Amino acid sequence: MLHSQTHLRSRPISVGHLRAFEAVARHLNFRAAAEEMALTQSAVSRQIQALEEEVGLGLFLRHTRAVELTGAGAQLLLAVQQSLPRIDGAVRQIRQNAGRKSVALTTFASFASMWLIPRLEAFQRDNPEIDIRIDASDVALDLDVADVDIALRYGPRETMPPGALRLFGETITPVASPWLIKSNPPIRTPADIARFTLIEAGDAHRTHLEWLTWRRWFEVNDLARAQPRRWLYFNYAYQMVQAALTGQGIVMARSSLIAESLANGDLVEVLPDHRMDSPMSYWLLTGPRSAPRPEIQAFCEWLQAQAATTRETIGEIPDADTVDHID
């Protein structure tokens, strides 16, 4: 039986059952938590009961087919979700220091596919002793607690935390495959683009992506009522660019992500005099626990060298290294 409020233990609880608690709280299901932890359901149930005995209050309301957190359970879960990643990160840090060198980084999927991965072979060739792990996700991780060393992020300056280093900015420009351009009548004015299929993100008209839309480009060029022959929508930037590379239409692309394709002629700017400025930039953040490690320093130096090449390719002046480090 649980202790009453007047008999709650004053000493700290043992931590052995907290991982089982976190798994059950995340799944809200004892069976799923047991499968994840490779334990029997009864073993997980005993761990939760023991933890409730120590806390002195019930942590779950048990129903026939599911469970739900009590108020006390929700309060404990918040602390556990913050603490366990720190513990896991510390253990991994200890293991890394005793074993292989590694760099773990997080960035969004399109940036990983279009900018980072095509360049990564050069770093691996020059640093064969360093392992690389990439977490490609649109979820921004907290470098103070997450099991990653570096974050490559995309956003306006005012949204970046102290210490963020600007890698490069971007402009927005219509691009297409040279084959598509050559096989159709010349494009001389913005109005001519309406003869083509236009490629766009399916969620581009959300407020924070408005600068990427064809609608904005048409409005800037006094063609607010223009409509293309057809629309082609995708979820991710790399999908849109891939469609353009194969001649399926014209895409409003971010110059920094397609710099290499423009340089080698796989894509061409349709109307280079009609580029649009973007409020967004690409940023490098280093976790405070990871920054002193030599392999992290080497990777950050390599990233900055690659960024300098991109700035040169897209014609960005002045050098962002000298003006855009957020203190």
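Above this text is the structure in question.
Attention in this report is confined to the structure presented alongside it. Quick caveat, the model's predicted, so the values are computed rather than measured. (Residues numbered from 1 in each chain as written. Predicted model: local features only at pLDDT ≥ 70, side-chain atom pairs only at ≥ 80, totals over all residues. Heavy atoms only, no water.)

## Some points on the pattern of salt bridges
Moving on, step 1. Summed over the entire model, instances satisfying the criterion amount to 13 salt bridges.
Moving on, step 2. Glutamate 36 is the partner of arginine 26 in a salt bridge, and the nearest nitrogen-oxygen pair spans 2.7 Å. Here glutamate 36 lies in helix H2 (residues 30–37) and arginine 26 lies in helix H1 (residues 18–27), a separation of 10 residues in the sequence.
Moving on, step 3. Two residues, arginine 195 and aspartate 192, come together in a salt bridge whose shortest N-O distance is 3.3 Å.
Moving on, step 4. Overall, the relative accessible area of 18% leaves aspartate 192 in the buried class.
Moving on, step 5. Put simply, Glu22, Arg26 and Glu36 are held in one network by salt bridges that share partners. (Salt bridge = Lys/Arg side-chain N within 4 Å of Asp/Glu carboxyl O. Helix = DSSP H or I, 4+ residues; strand = E, 2+ residues; numbered from the N terminus. Buried < 20%, exposed > 50% of the residue type's maximum accessible area, 1.4 Å probe, protein only.)

## Structural notes on the packing of helix H5 (residues 109–126) against helix H10 (residues 294–314)
Moving on, step 1. Contact geometry for H5 and H10: axes closest at 11 Å, N-to-C directions at 120°. Put simply, H5 runs oblique to H10. You can see that H5 and H10 cross each other, and the crossing is right-handed. The segment H5 lies against H10, with Trp115, Leu116, Arg119, Leu120 and Phe123 engaging Ala298, Phe299, Trp302, Leu303, Gln306, Ala307 and Thr310.
Moving on, step 2. Of the residues contributing to the contact of H5 with H10, the split by class is nine nonpolar, two polar and one charged. (Axes fitted to C-alpha atoms, helices over the stretch in contact; angles between N-to-C directions. Parallel < 35°, antiparallel > 145°, perpendicular 65-115°, else oblique. Left-handed = near helix turned anticlockwise from the far one by under 90°. Contact = heavy atoms within 4.5 Å. Nonpolar A, V, L, I, M, F, W, Y, C, P; charged D, E, K, R; others polar.)

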